[in-house]
Amino acid sequence: MDARIEFGLLGPLSVTADGRRTAVGGPRQRTILALLLLSPDSVVSVDAMVEAVWQGVPPATARTQVAICVAGLRKVFRAEGCGDDLITTVHPGYQLNSAGHRIDLLVLQDLVQRAEQAVGGGRTAEAAACYERALELWRGPVLEGITGRQVEDETARLEEVRMCCQEALAELNVALGRNLEVIGSLAAVVREQPLRERARHILMRAQYLAGRRAEALETFREGRQQSVEELGLEPGAALLQLHDAILRDDPALAPPEDGPPPAPLPLPPAPAAESRPTPFLLPPNVPAFTGRAAETATLDRLLEGRAEEQPPGIGLITGVPGVGKTGLAVHWSHRVAARFPDARLYVDLCGHDGTREPTTAADVLSRFLRALGVPSEQIPADTGERTELYRSLLAGRRVLVVLDNARDAAQVDPLLPGTGRCCVIVTGRQPMEQLMLRYGAVHVQLGVLPPDEAVELLGRIVPEDRIAADPEQAERLAELCDRLPLALRIAAARLASKPHWSVPHLVARLADECRRLDELSQGESQVRAGFAVSYRQLAPDAARLYRRLALLEAPDVTVWTAAALIDVHPFEAERLLEHLVDVQLLEVTGTDGTGRLRFRQQNLLALFARERAAAEDSVDERTQSLHRALRGYLTVAEHAHRVEYGGDFALIHGSTPRLELDALLLEELTADPLEWFEAERLSLVAAIDLAARLGLDELAWDLLGCTVVLFQTRGYLDDWQDSCERALAATRAAGNLRGEAAVLESLGERRIGIQHISAAAEPLLRAQALFEQIGEEHGRALAVRSLAVLDRVQGDPISARARLTEAVELFRAVGDLSCEAHVLGFLAQGELDLGRPDAALTYAEQAVAVARRIGETGVTAQVHFRYARVLSELERFADAERELQVVLRVVTARRDLLGSAHARLGLGETMLRRGRAAEAHAELLIALDLVGRCGTVVGEGRVGVALGRAAAALGRTDEARERLNRAAELLRAGGAERDLELAEQELAALGPAAGGAPDGDIGGV
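A quick note: this is a predicted structure, and the numbers were derived from the prediction, not measured. Residue positions are given per chain, counted from 1 along the sequence in the order it is written. Local features are withheld for residues below a pLDDT of 70 in this predicted model, meaning they are given only at 70 or higher, and side-chain atom pairs are given and counted only at 80 or more; totals for whole chains, interfaces and linings count all residues. Derived side-chain values reflect all non-hydrogen atoms in the structure, with water molecules and hydrogen atoms excluded from consideration.

Re helix H23 (residues 527-536)
Residue burial is assigned from relative accessible area. The probe radius is 1.4 Å, only protein chains are included, and a residue is buried under 20% of its type maximum, exposed over 50%, and partly exposed in between. Working definition: helices are DSSP H or I runs of at least four residues, strands are E runs of at least two. Numbering for both runs from the N terminus. Of all ten residues that make up H23, seven are buried, and the element is covered over most of its length. Three or more residues of H23 are buried, namely Val 527, Gly 530, Phe 531, Ala 532, Val 533, Ser 534 and Tyr 535. Against helix H20 (485-497), helix H22 (516-519), helix H24 (540-552) and helix H27 (603-616) lie the buried residues of H23. Here, two residues are considered to be in contact whenever any of their heavy atoms come within 4.5 Å of each other.

A few points about the environment of Ala 901
Along the chain, the position of Ala 901 falls in helix H42 (residues 897-913). Residue class for Ala 901 comes out buried when judged on its relative accessible area of 4%. Beyond its immediate sequence surroundings of up to four residues, Ala 901 is in contact with Ala 927, Leu 930 and Val 931.

A word on the pairing of strand S13 (residues 587-591)
Bridge count for S13 against strand S14 (residues 597-600) is four bridges, and the pairing is antiparallel. Pairing of Glu 587 across the sheet is with Arg 600, part of S14. Once S13 ends, the chain turns through five residues before running back antiparallel as S14, passing Gly 595 with a positive phi of about 85 degrees. Strands are treated as partners if at least two bridges between them are detected by DSSP.

Quick notes on the sheet that holds strand S3 (residues 20-21)
With mixed pairing, four strands are arranged side by side in an open sheet as S3-S2-S1-S7. In this open sheet, the two strands that pair with only one neighbour each are S3 and strand S7 (102-103). Both strand S2 (residues 14-17) and S3 contribute to a ladder of two bridges, which runs antiparallel. Bridge assignment links Thr 16 to a residue of S3, and that residue is Arg 21.

Overview of helix H25 (residues 559-566)
An α-helix turns once every 3.6 residues. As a result, residues three or four positions apart point the same way. Burial of H25 is extensive: eight of the eight residues sit out of reach of the surface. Residues of H25 that are buried include every one of Val 559, Trp 560, Thr 561, Ala 562, Ala 563, Ala 564, Leu 565 and Ile 566, and no others. Buried residues along H25 sit in contact with H24, helix H26 (570-582), S14, helix H28 (619-645), helix H29 (663-669) and helix H30 (673-679).

Description of a nonpolar patch on the surface
A residue counts toward a patch only above 30% relative accessible area and without a salt bridge, and it is joined to like-charged neighbours within 9 Å or, for Val, Leu, Ile, Met, Phe, Trp and Tyr, to nonpolar neighbours within 5 Å. Only the protein chains shown count as covering a residue, and every accessible area follows the Shrake-Rupley method with a 1.4 Å probe. We define a salt bridge as a side-chain nitrogen of Lys or Arg found within 4 Å of a carboxyl oxygen belonging to Asp or Glu. Taken together, the side chains of Leu 195, Leu 231 and Leu 233 present a nonpolar region at the surface, about 270 Å² in accessible area. Inspection of the secondary structure puts Leu 195 in the loop between helix H7 (179-192) and helix H8 (197-209). Judged by its relative accessible area of 36%, Leu 195 falls in the partly exposed class.

Thoughts on the sheet that holds strand S10 (residues 399-406)
Backbone-to-backbone hydrogen bonds join strands into a sheet, with any given pair of strands oriented parallel or antiparallel. The five strands lie next to each other as S9-S10-S11-S8-S12, forming an open sheet whose pairing is parallel. Strands with a single pairing partner mark the edges of an open sheet, and in this sheet they are strand S9 (343-348) and strand S12 (442-446). Averaged over all adjacent pairs, the angle separating strand axes in this sheet is 15 degrees, with direction ignored. Examined bridge by bridge, strand S8 (residues 313-319) and strand S11 (residues 423-428) share six bridges and lie parallel to one another. Each bridged residue has a counterpart across the sheet, and for Ile 317 the counterpart in S11 is Thr 427. For helices, the fitted axis covers only the stretch in contact; all axes are lines through C-alpha atoms, and the angles between them, taken along N-to-C directions, range from 0 to 180 degrees. Strands S8, S9, S10, S11 and S12 of the sheet are contacted by helix H12 (residues 325-336), whose axis makes an angle of about 165 degrees with S11. Against the sheet, helix H13 (residues 361-371) makes contact with S9 and S10, and its axis sits at roughly 150 degrees relative to S9, the strand it touches most.

Considering the pattern of salt bridges
If charged atoms from side chains of opposite charge come close, those side chains can pair. Per the stated rule, a full pass over the model turns up 67 salt bridges. Ionic pairing is found between Glu 295 and Arg 292, a salt bridge with its closest N-O pair at 3.9 Å. Take Glu 295 and Arg 292: they sit in the same class, and that class is buried. For the salt bridge of Asp 413 with Arg 438, the shortest nitrogen-to-oxygen distance reads 3.3 Å. Here Arg 438 lies in helix H16 (residues 433-439) and Asp 413 lies in the loop between helix H15 (409-412) and S11, a separation of 25 residues in the sequence. For Arg 438, a relative accessible area of 56% translates into the label exposed.

A look at the side chain of Glu 923
Position of Glu 923 among the secondary structure elements: in helix H43 (residues 917-934). On the basis of relative accessible area, Glu 923 is assigned to the buried category, the value being 11%. Aside from chain neighbours lying at most four places away, what touches Glu 923 is Arg 904, Leu 907, Gly 908 and Met 911.

Digging into the environment of Val 90
By the element assignment, Val 90 lies in strand S5 (residues 87-90). For Val 90, a relative accessible area of 31% puts it in the partly exposed group. Remark: the alpha-carbon pair of Val 90 and Ser 42, spanning 48 residues in sequence, is separated by 9.4 Å. With residues up to four places along the chain from it excluded, the contact list for Val 90 reads Val 43 and Gln 95.

Notes on the pairing of S8
For S8, a buried count of seven out of seven residues is recorded, marking the element as mostly surrounded by other parts of the structure. Taking every second residue as pointing to the same face, both faces of S8 are buried, with Gly 313, Gly 315, Ile 317 and Gly 319 on one and Ile 314, Leu 316 and Thr 318 on the other. In this structure, S8 lies alongside S12, joined through five bridges in parallel fashion. The residue of S12 that forms the bridge with Leu 316 is His 443.

Digging into the packing of helix H40 (residues 858-873) against H42
Where H40 contacts H42, the axes come no closer than 11 Å and their chain directions differ by 10 degrees. For the element pair H40 / H42, the angle class is roughly parallel. Contact residues: H40 offers Phe 865, Arg 869, Ser 872 and Glu 873, while H42 offers His 902, Ala 903, Leu 905, Gly 906, Glu 909, Thr 910 and Arg 913. Throughout, the term roughly parallel applies to angles under 35 degrees, roughly antiparallel to angles over 145, roughly perpendicular to angles from 65 to 115, and oblique to all others.

Some remarks on the confidence of the model for the protein
Residue-level confidence of the predictor, termed pLDDT, takes values from 0 up to 100. Here the protein averages 84 in pLDDT, while 95% of its residues score no lower than 70. Under a pLDDT of 50 for its full length, residues 257-276 has, in the predicted model, 17 contacts with residues more than four places off or in other chains. Overall, residues 995-1005 carries pLDDT values under 50, and its contacts beyond four positions in sequence, including any with other chains, amount to 13 contacts.

Considerations on the packing of aromatic side chains
Each Phe, Tyr or Trp ring (for Trp, its six-membered ring) is paired with any other whose centre lies within 6.5 Å, and the angle between the two planes then decides the class: stacked below 30 degrees, edge-to-face above 60, tilted in between. By the definition in use, this model includes seven aromatic pairs. Aromatic side chains Phe 7 and Phe 77 sit 5.7 Å apart centroid to centroid with 80 degrees between the ring planes, which places their arrangement in the edge-to-face category. Residue Phe 7 is found in strand S1 (residues 5-8), and its partner Phe 77 is found in helix H3 (residues 62-79); the two are separated by 70 residues along the sequence. Judged on exposure class, the residue Phe 7 and its partner Phe 77 are both buried. Clustering of aromatic rings is evident, with ring pairs tying together Phe 531, Tyr 535, Tyr 546 and Phe 608. Over a ring means this: the NZ of a Lys or the CZ of an Arg is within 6 Å of the ring centre and within 35 degrees of the ring normal. One cation-aromatic arrangement involves Arg 681 over Tyr 716; the distance from NZ or CZ to the ring centre is 4.0 Å.

A closer look at unusual backbone geometry
One non-glycine residue, Arg 483, lies in positive phi territory at about 55 degrees. Mapped onto the secondary structure, Arg 483 falls in the loop between helix H19 (471-480) and H20. A relative accessible area of 19% places Arg 483 in the buried class.

Structure, rendered in structure tokens:
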């Protein structure tokens, strides 16, 4: 007898054979099985399967792969004891035969049919039971995790079936008098699907029949508001008629007399004044509350023993819109409610509501006093007197007061109890320093959730297996929501309400910046609306800065950049930035290496700011603002480069007018030029990209040239590459030959720096040709110098010497002392390569002399390194080590990783020549670590050669051979022929490896 298979579609796809879970293969098999189960006992064409699996872009072998998948499914079911007739081949596709098996979809169809028949026969209880059993079949979102248009269409249809069953059951339960049960089940449905008028109609009727007439009318009001706001339509006739009937207490609303009697609704007698219940005004606790352990612990400090004579314990929770201030306040209040047996009071002060005026202290006090048992006629008219009565009532009592959404301290102050046995939680968007100064309030600045807690929150709202199924996309979704609890809850609610949506699908919708705020601003909870309330309260100058900051697209800014954006004095810009921080539209990320505060807009806030800029600022205003800021970056970068090089050396400039900045400010910003570059690195990369996109090609290539010193020194090779690509595209699009040549020269330098030797010649030769074409001598000198470096690496010292000789004359002619010293140092190295150390010494001394004329800069390390090499070759080892210590001091101070690696390499080689092999080996290991962090293949190979020699000198032949072989591979890959020859000579000196061919034969060479 064949095994009985149970198939589940009303949830994640499940297959059970005789009670055992059966695993079905990969996504393609699961999609094909899902299609067969959605149409049991019917033929599903191969074409439909191909479309479902490959979504319109099938491979040539698609039909064959479908056949393979079907064969795999048959194999799975055969292993479970099924015959081959479960899935049969029927032209033009396949058919799943349900006989003898259970498919929950078929069970659902049968139960719904029986329920409808029972309704037609007047068997209300039987119909309700059938619908209940039908709804119990759902285990979660239909076919969760399986995508494809056909599957998604069917899952949407089945979701509608579920909702209709739910509504039908509720209607039957109303007829059976189970009104309270209906209210409990339908309230959540109406919240999730506010435009389903049938569900709202049934809920209103149940509420009215349960004696909750006011709630029924409120349910109608909320539904009408949703319909008008989202559809622009009044509710349907049925809802309007029911609303009118409830207003009239129409007798027709009562259930028929021959029907089941409604459940009794006993009303308790009104309590006497002395037995009035303890006020508990807190709203319901927050569902799926996640994280905030540290913040909760901070608020717990308010519970520590406070004397009666002390001020009340006050917790002030602030943060950006949507960060969960109210959620934390309410959640914590429920946790500690038992500690306050006399009253738990709550009010929304509407300080940042946007649709309502802030609640006055007089109104709040009136409400609180009534809750505390004061008859309305005994409440004073004067606000001050109400405060006195309120504080008198709270004296000696343990009361918790939650003042949510406060505008400022003035709104809060009259509502504070007067004794230390009470506790107050205030939430708002401003710091309210007066509460901290006067009452010692504990301040909780609420930030976004950590990544793991953000994903956890998603998983508490969406079925967790949907989130766990794709953790990478879940993390991406959390980041797109800025890890803001409100945005996360909205995104999670959308997923939960649309079970046919996958997490990647919602990620794709949110990834489009033009629609992200739209996606997160649907229904009652709207991210955009929360931002708009804060924005509308800004003064015009603060609002202007808020808008312009987003246009810059920089990851963060300092005061001077903000000042440039809106053309104000830095002191005024600082005031406005601090105000934006106070109202939670900006955050301080910390202090950078120059000691300056950096300010950042969260992504969603920046998107909103761009929307406002597009709506409120003209194109000309936006353009001028960006041009000022970008020209400001160029001004400071040029000055920083000049300070670093001791003059305007080693680059050419474009014609972009510089932004005039205060001379003292420039000096302060660039006191440590590399630190300024480091602090502004991401902003500079973004500025180059923005300038290129705006068509400011002249500014883009000039700013790139100024920033190369950072890319070179700190090893930011990816940033260098990306910036070159953007500036090159802009200059070529504009036909800017000078700019194109400058970028090509920089690109060639980068390729030499990463030892991509074979690719470096093309951009450098093109740059040289362009510079010659336009008569740019300084630029030509830079290209010739780089080509000379390339010659040396490729093992052509004669060509290198000729080019260096040409370059040094050009640099002297244009007055570039830094490059002159650099080229003289390279000429010294070239003479060493040719075996002429005396001639090398002359060049090295000239290089040091020129470098001294411009002070201690980056070129100082370069020329002293070459000088040390010459001294070592002349066996003046002590002098060489002294020079290398100078190099090490300079590069360490500049945090120059590659320079530090070269300095350590030089020290190791010198120590090795002096017979100090153990010290050399230790020094070279440091060099290897440094050069590895820089990612330079040839540099790592050179250090490897030196380490191999040191290991050989220590008698560690196996290590020496291993290091030299590895070095040879790297040098061969990098095209460094001269260094490769040295490595092979060292290998040959070691002799053949035991029992094998000589090591030089490794790699087929």
